[in-house]
Structure formats: C-alpha cells, structure tokens
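Observations on the three-dimensional arrangement
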Amino acid sequence: MTLNEVIAALGLEIVHLEDGERRVEDGYCGDLLSWVMGRAAENSLWITIMSNLNTVAVAVMADVAAVVMAEGVEAEDDVIRRAEQQGVNLLRSGEQAFALAGRLYAMLKEREHDPEV
Amino acid sequence: MNKRLHYVIDGDDFTSAGQASGDVKKVLKTLGVPSEIVRKASIAMYEGEINMVIHADGGVIDVDIMPDRIVMALKDSGPGIPNVEEAMQAGFSTAPDTIRNLGFGAGMGLPNMKKYTDSMEIDTKVGVGTTITMTVKIV
Ligand SMILES: Nc1ncnc2c1ncn2[C@@H]1O[C@H](COP(=O)(O)OP(=O)(O)O)[C@@H](O)[C@H]1O
Ligand SMILES: [Mg+2]
C-alpha cells in the first residue's frame, strides 16, 4: 500500500511528508538503532519512540518508507529540519507502538492475500 | 565509473555522524548502483562512522567505487580494540550510557558491518588505532 493510505488508515499526524506515494511493504518496531539497521526491511514503516538526529540518519541508511514516532513522542525542531533536508517521511501518533504495528500488520497481510483490496 | 571519495570524521560531533555515509549513498545512487547494494554499503559505513565517533574520537574514511565493488577504508587513531573476537560478538559494547540513551551502544555495529559486506578486515593496535576495510561487491 502507499504511505498516504497507511497515514489515513492509522490516523497518523504528518510532521514531514516527502513522498506520500512511497510503497509501504513491511513494518518494524524498535528503538535500538543498530537493531533497526540490522533487521528492518527496506520500505518498512518504522515505529519507534527514539526521536533524535540519529533516528533520521538511520531512516536514510535503512531505506525505510517512513518513521512513525509513537506514544506521543515529540520531534525537536532540529530533528524535523534534518528530516526535511534528508527527505525522510516523518510521522507521529499518540498511540502505542503495539497498537499501530498490530493494525499495520493486519492491513499488510490482508493485501498480501488479496492484492485487489 | 571509478570514483574516490575522502571524508574527515569529527570525533566531537555525534549528531552530524552520518553525513559521510549519507553522501556516499547519494553518489552510489547517482551512479546507478542497485538499491540493495547501496543500502548494504551505506549501513555498513554508517555503523563504522558512528563507531569512529563514539569509540575513537573521529578519523578518516576513504571510499573507492569501482565497476565491480565498493571498498571503504575507515582509519582512526583511537584506543584500538584489545580483543577483536569479543568486539565482534553481537551485544558486546563498551559504549557509555549517554550513547545508549541515544539508541546506539547495543553492540550490533560490528556484526552489522560484517553482515552487510562481502569482506571485512580489522587491523587494530591498542594505543595506536584501528583501520577497518570493508568491500561490498556490485553484482
Ligand atoms: N573504531 C573503534 N575503536 C575502538 N574501539 C572500537 C571501535 N569500533 C568498535 N570498537 C569496540 O568494539 C565494541 C563493539 O562495537 P559495536 O559492535 O559497533 O557496538 P557498539 O558500538 O554498540 O558498542 C565497541 O563497544 C568498542 O569497544
Ligand atoms: Mg557501534
């Protein structure tokens, strides 16, 4: 599905949207940055509570579709600016990572079984 | 498409770490290197770049982009790695809590560098420094 569809379905707040048509093919939850780079698939929606400049760098290197800062975590101005500079899709949600991931998982699985949906 | 890139990594600036790797990523993309190869090379280099900043007070990185491979040489004059075998183990880390609070220091950097490269060589001497040379094949 596209990032725009994911944003609408999960009710995500847009902090910086570079490319809403980007494909979201997978998801990953995690706050340890090396774990994310080691395990997250490219084009994943990365759900995390780790919000700093390194988060943006990791999103770039790991080629994730977007970063979602969950559980109401705020992005500082410097983080937002870096995301803009680097062209990283940055989103927010007040919901817990578990709830967001669960809903995304269900949506991605549904589409896997029925690509027409 | 032979290309040589050289970077000086500032040991004091943890927040700007990633600029060299980000630049290499852009260059590789521009050269039309396949995206999964670009991803592997840039993650490996970023982990090395971060290690230079966290553990070795900075250093220099040379990147050689050749038609069939990318060679990244990361050289620092830091404390060196006393036990490479131990350092390579997933989860081993001497990073301080301040670094952990920023999401690094999980002891997965060197394992990621190994995982995403086709060869990795560590030349290190305690009190002298560390040179890590990584090669990613372009297939
Ligand atoms: N360039 C380096 N200079 C000195 N020590 C290093 C260097 N790179 C890695 N190390 C040592 O190896 C350990 C493991 O590195 P790594 O797997 O990247 O984990 P982390 O960086 O999370 O601690 C580090 O904690 C550090 O003790
Ligand atoms: Mg490391």
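The structure reproduced in this document is the subject of the present report. (Residues numbered from 1 in each chain as written. Chains lettered and ligands numbered in written order. Predicted model: local features only at pLDDT ≥ 70, side-chain atom pairs only at ≥ 80, totals over all residues. Heavy atoms only, no water.)

What follows covers the interface of chain A and chain B. One frequently used descriptor of interface size is the decrease in accessible area upon assembly of the parts. Taken residue by residue, the interface counts 22 residues in chain A and 26 residues in chain B. Regarding the contact of chain A and chain B, the summed buried area is about 1800 Å², with carbon and sulfur atoms giving 52% of it. At the junction of chain A and chain B, the tally comes to one salt bridge. Of the charged contacts, one joins D63 of chain A and K25 of chain B as a salt bridge, the two residues approaching to 3.1 Å between their closest N and O atoms. Contributing elements (two or more residues each) for the side of chain A that touches chain B: α2 (33-39) and α3 (53-62) of chain A. (Contact = heavy atoms within 4.5 Å. Buried area = accessible area lost by both parts, 1.4 Å probe. Salt bridge = Lys/Arg side-chain N within 4 Å of Asp/Glu carboxyl O. Helix = DSSP H or I, 4+ residues; strand = E, 2+ residues; numbered from the N terminus.)

Residue and element names in this part refer to chain B. At a minimum axis separation of 8 Å, helix α1 (residues 19-30) and helix α2 (residues 35-56) run at an interaxial angle of 165°. By the angle class used here, α1 and α2 are roughly antiparallel. The way α1 lies across α2 gives a crossing that is right-handed. Across the interface between the two elements, Q19, A20, S21, V24, K25, L28 and K29 from α1 touch V38, A41, S42, M45, Y46 and E49 from α2. (Axes fitted to C-alpha atoms, helices over the stretch in contact; angles between N-to-C directions. Parallel < 35°, antiparallel > 145°, perpendicular 65-115°, else oblique. Left-handed = near helix turned anticlockwise from the far one by under 90°.)

All names here are of chain A. Contact pair α3 / helix α4 (residues 77-86): the axes reach a minimum separation of 8 Å and the direction vectors enclose 20°. Between α3 and α4, the interaxial angle falls into the category roughly parallel. The hand of the α3/α4 crossing is right-handed. Facing α3, whose interface residues are L53, V56 and V60, α4 presents D78, V79, R82, A83 and Q86. A per-class count over the contact of α3 with α4 returns five nonpolar, one polar and two charged. (Nonpolar A, V, L, I, M, F, W, Y, C, P; charged D, E, K, R; others polar.)

The subject of this paragraph is the nonpolar core. Among the nonpolar cores identified, the biggest contains 64 residues, and W46 of chain A together with Y7, V63, I70, M72 and F104 of chain B are the most heavily contacted of them. Tallying contributions element by element places α2 of chain B first for this core, with eleven residues. Leave out the neighbours within four places in its chain, and I70 of chain B touches L28, I37, A41, V63, D64, I65, M134, T135, V136 and I138 of chain B. Formed by 19 residues, the second largest nonpolar core is a distinct cluster that contains V6, L12, A65 and A66 of chain A. (Core = buried A, V, L, I, M, F, W, Y, C linked by side-chain atoms within 4.5 Å. Buried < 20%, exposed > 50% of the residue type's maximum accessible area, 1.4 Å probe, protein only.)

Residue and element names in this part refer to chain B. Reading across from one edge, β1-β2-β3-β5-β4 is the order of the five strands in this open sheet, with antiparallel pairing throughout. Among the strands making up the open sheet, the edge pair consists of β1 (3-10) and β4 (119-125). Neighbour-to-neighbour, the strand axes of this sheet turn through a mean angle of 10°, independent of strand direction. Where strand β2 (residues 58-65) and strand β3 (residues 69-76) come together, six bridges link them in antiparallel fashion. (Pairing = 2+ DSSP bridges.)

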